[in-house]
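Structural overview for review
Okay, here's what each chain looks like letter by letter:
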Amino acid sequence: VQLQASGGGLVQAGGSLRLSCAASGRTFSDYFMAWFRQAPGKEREFVASITGSGDKTVYADSVKGRFTISRDNAKTTVSLQMNGLTPEDTAVYYCAARRTVLTRYNYWGQGTQVTVSS
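Residues numbered from 1 in each chain as written. Predicted model: local features only at pLDDT ≥ 70, side-chain atom pairs only at ≥ 80, totals over all residues. Heavy atoms only, no water.

1. Topic: the pairing of strand S3 (residues 17–24)
- The alternating pattern of S3 places Leu 17, Leu 19, Cys 21 and Ala 23 on a buried face, while none of Arg 18, Ser 20, Ala 22 and Ser 24, on the opposite face, is buried.
- For strand S1 (residues 2–6) and S3, the ladder comprises 5 bridges, and the chain directions are antiparallel. Considered in S3, the bridge of Gln 4 is made with Ala 22.
- Where S3 lies against strand S8 (residues 77–82), 6 bridges are found, and the strand directions are antiparallel. Bridge pairing in S8 places Arg 18 opposite Gln 81. (Buried < 20%, exposed > 50% of the residue type's maximum accessible area, 1.4 Å probe, protein only. Helix = DSSP H or I, 4+ residues; strand = E, 2+ residues; numbered from the N terminus. Pairing = 2+ DSSP bridges.)

Written out as structure tokens, the structure reads:
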């Protein structure tokens, strides 16, 4: 499956952004989808995930209550609504896909930069 992330940008602290990831190539609903991020000088970290049907979501503690992951299987897209952004959310955000919980995320988008100014 091919993934293309978009929607990043520069926003002031307290603002919002919505990231989108368009998928193509396979049956989208077969895949667990997730967002990860990598800040400068730091390792990539998990942000949020969603099951193929969209019925279950998981969030990192650092974004719980501020970010919302969702998907539209008809449009083969997954989104990340980010509210209450802080400078600590500054990172390159990546969407990722995997077939089952037993496998690693092995499909990755190219990343989109999110910069939050104080």
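There's plenty left to go through after this.
2. Looking at the sheet that holds S3
- Read across the open sheet, the 4 strands follow the order S1-S3-S8-S7; overall the sheet is antiparallel. The outermost strands of the open sheet, each flanked by one partner alone, are S1 and strand S7 (67–72). Each strand of the sheet is rotated relative to its neighbour by a mean of 15°, with strand direction disregarded. (Axes fitted to C-alpha atoms, helices over the stretch in contact; angles between N-to-C directions.)

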